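Read off the chains here:
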Amino acid sequence: MNTILRTSLAALVAVTLAVPALAQDITIKFSHVVAPDTPKGKAAEKFKELAEKYTEGKVKVEVYPNSQLYKDKEELEALQLGAVQMLAPSLAKFGPLGISDFEAFDLPYIFDGYDQLRKVTDGEVGKGMLAKLEDKEIKGLAFWDNGFKIMSANSKLHTPDDFLGLKMRIQSSKVLEAQMNALGAVPQVMAFSEVYQALQTGVVDGTENPPSNMYTQKMHEVQKHATLSNHGYLGYALIVNKKFWDELPEDVRANLDKAVAESTEYGNSIAKEENDKALQAMKDAGKTEFHELTPEEKTAWVEALTPVREEMADRIGADLIKSIEAATAQ
């Protein structure tokens, strides 16, 4: 973030963080980078609805989707400075803050579906991860689902060999870099808001996304092939500026906690359905050919990608990876 922007954000801190103490009406600016009609976008709108209802109008929630306020690299700093109060960033974004635990969610094939995932996010492992954010002046409230990712490109992606030399867009994550390297691809870190144009112009050859993100950003219009690999998970952490949250009146915070719990349940309950609908809509559009891995192809993908766990063990923590594997095995 440039110096001018950082200075401007810093100037907002005193005013923004003082709001709960000085005014009865409280504004929560909720910024995110995806479309309103994604699982995260719908959960954000549900939180707004419930927060305003349960606080009887004392809290006003302003939702800013599609990177209207901040792009991927800017939003966490904006939250820490108090320029916005709430975010739901993808879990990979906490690595640059020095909290690499969340990068475990990027490990390929570590979760076999939502049931295994929930054993981590709803259990002690997930609670421990969220608690680590407090040292960064961030309060972790909940985990929000999107879905399991598929690979897309303008060439067929049936086997790991098909990735050789392809420029594949990823979000900033050392784990995702290792994943693409393991497939022989060239990882390209890029802001989510820039991906469609990069695919359209050939700056990158392909990318990975849950179907809902791919469809709402119209990436299927500029990708000829996609493979239903379900190789990795994309989820989010619902977070707030800790000072802002801690200084809220207790009754307001209690009602917001209720809104968080119910919007989380809502968003996570629709995630799979939304992704299934998006996938069908893309199939119906007929612009992308979708491939389902055969058992033999799936085995080749797993064999190529599972070693990423060992490669990333020092960065993420071998004990944490073992804890996740133990939780999902129950």
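Residues numbered from 1 in each chain as written. Predicted model: local features only at pLDDT ≥ 70, side-chain atom pairs only at ≥ 80, totals over all residues. Heavy atoms only, no water.

Asker: I'm lost on the pattern of salt bridges in this one. Help?
Answerer: Between side chains of opposite charge, a pair can form when the charged atoms approach closely. According to the stated counting rule, one finds 20 salt bridges in the structure shown. For Lys 46, the salt bridge identified is with Glu 49, shortest N-O distance 3.6 Å. Remark: Glu 49 and Lys 46 occur in helix 2 (residues 39–54); sequence separation between them is three residues, near one turn of the helix. For Glu 49, a relative accessible area of 44% corresponds to the partly exposed category. The salt bridge partner of Glu 103 is Arg 315, with a shortest N-O separation of 2.7 Å. On the criterion of sequence distance, the pair formed by Glu 103 in the loop between strand 3 (86–87) and helix 4 (114–121) and Arg 315 in helix 13 (residues 313–316) is long-range, its members being 212 residues apart. Glu 103 gets classed as buried once you look at its relative accessible area, which sits at 2%. Connected via shared salt-bridge partners are Lys 42, Glu 274 and Lys 277. (Salt bridge = Lys/Arg side-chain N within 4 Å of Asp/Glu carboxyl O. Helix = DSSP H or I, 4+ residues; strand = E, 2+ residues; numbered from the N terminus. Buried < 20%, exposed > 50% of the residue type's maximum accessible area, 1.4 Å probe, protein only.)

Asker: I would appreciate a short explanation of unusual backbone geometry in the present structure.
Answerer: With the exception of glycine, the majority of residues adopt a negative phi angle, and the majority of peptide bonds are in the trans configuration. Unlike most non-glycine residues, Glu 56 shows phi in positive territory, near 55°. As for its placement among the helices and strands, Glu 56 is situated in the loop between helix 2 and strand 2 (59–64). By relative accessible area, which is 72% here, Glu 56 ends up exposed. For Lys 218, which is not glycine, the phi torsion reads 60° and is therefore positive. Tracing the sequence through the fold places Lys 218 in the loop between helix 8 (211–216) and strand 9 (225–227).

Asker: Is there a simple way to explain the sheet that holds strand 10 (residues 233–241) in this structure?
Answerer: Spatially, five strands are ordered 2-1-3-10-4 in an open sheet, and the strand pairing comes out mixed. Each end of this open sheet is capped by a strand with a single partner; those strands are strand 2 and strand 4 (138–148). Most of the contacts of helix 2 go to strand 2, to which it runs at about 165°, and overall it touches strand 1 (26–31), strand 2, strand 3, strand 4 and strand 10. This element, helix 4, spans strand 4 and strand 10 of the sheet and lies at about 175° to strand 4. (Pairing = 2+ DSSP bridges. Contact = heavy atoms within 4.5 Å. Axes fitted to C-alpha atoms, helices over the stretch in contact; angles between N-to-C directions.)

Asker: Help me understand the pairing of strand 8 (residues 206–209), please; the structure alone is not making it clear to me.
Answerer: Regular strands show a simple pattern: their side chains alternate between the two faces of the sheet. By the alternation rule, side chains of strand 8 split into Gly 206 and Glu 208 and Thr 207 and Asn 209, which are all buried. Alignment of strand 5 (residues 150–153) against strand 8, held across four bridges, turns out to be antiparallel. The residue bridging Ile 150 from the neighbouring strand is Asn 209, located in strand 8.

Asker: When you look at the environment of Asn 213 in this model, what are you seeing that I'm missing?
Answerer: Along the polypeptide, Asn 213 turns up in helix 8. Owing to a relative accessible area of 2%, Asn 213 belongs among the buried residues under this scheme. In this structure, the C-alpha to C-alpha distance between Asn 213 and Gly 147, residues 66 residues apart in sequence, is 9.4 Å.

Asker: Can you walk me through helix 10 (residues 250–285) in this structure?
Answerer: Count 3.6 residues to each turn of an α-helix, and residues three or four apart come out pointing the same way. Its 36 residues place the ends of helix 10 50 Å apart at the C-alpha level, agreeing with the 52 Å of an ideal helix rising 1.5 Å per residue. The largest bend along helix 10 reaches roughly 40° and is located at Ala 271. Just downstream of helix 10 lies Gly 286, where phi reads positive at about 75°. (Expected span 1.5 Å × (residues − 1). Bend = angle between axes of the 7 residues up to and from the residue.)

Asker: Whenever I open this one, the layout of surface pockets confuses me. Can you help?
Answerer: In this approach, a probe sized like a water molecule rolls over the atoms, and the result shows the empty space that is left. Looking at the largest pocket, its volume works out to about 550 Å³. Of all the secondary structure elements, the ones that give two or more residues to the lining of the largest pocket are helix 4, strand 4 and helix 10. Ranked by residues supplied to the lining of the largest pocket, first place goes to helix 10 with four residues. Space inside the second largest pocket adds up to approximately 300 Å³. With five residues, helix 3 (residues 72–81) is the largest single contributor of residues to the lining of the second largest pocket. Here the lining of the second largest pocket is composed, by residue class, of eight nonpolar, three polar and four charged. (1 Å grid on protein atoms, 1.4 Å probe; cavity = no way out; pocket = protein on both sides within 12 Å on 5 of 7 lines; lining within 4 Å. Points joined across faces, edges and corners; volume = space filled by probe spheres on them. Nonpolar A, V, L, I, M, F, W, Y, C, P; charged D, E, K, R; others polar.)

Asker: Please clarify how the sheet that holds strand 9 should be interpreted in this entry.
Answerer: The pairing of strands in a sheet happens through backbone hydrogen bonds and is either parallel or antiparallel. Here we have six strands laid out as an open sheet, ordered 7-6-8-5-9-11, and mixed in their pairing. Edge strands, defined here as strands with exactly one partner in the open sheet, are strand 7 (186–189) and strand 11 (289–291). Direction aside, neighbouring strands of the sheet carry axes that sit 25° apart on average. Bridge analysis of strand 5 against strand 9 gives three bridges, and the strand direction is antiparallel.

Asker: Can you walk me through the side chain of Glu 208 in this structure?
Answerer: As for its placement among the helices and strands, Glu 208 is situated in strand 8. The exposure class assigned to Glu 208 is buried, which follows from its relative accessible area of 4%. Among the polar contacts listed, one links the side chain of Glu 208 to the side chain of Lys 149, at a separation of 2.9 Å. Within the local environment of Glu 208, its side chain forms a polar contact with the side chain of Gln 179, the two groups lying 2.9 Å apart. (Polar contact = N/O pair within 3.5 Å; in protein donor to acceptor, adjacent residues only side chain to side chain.)

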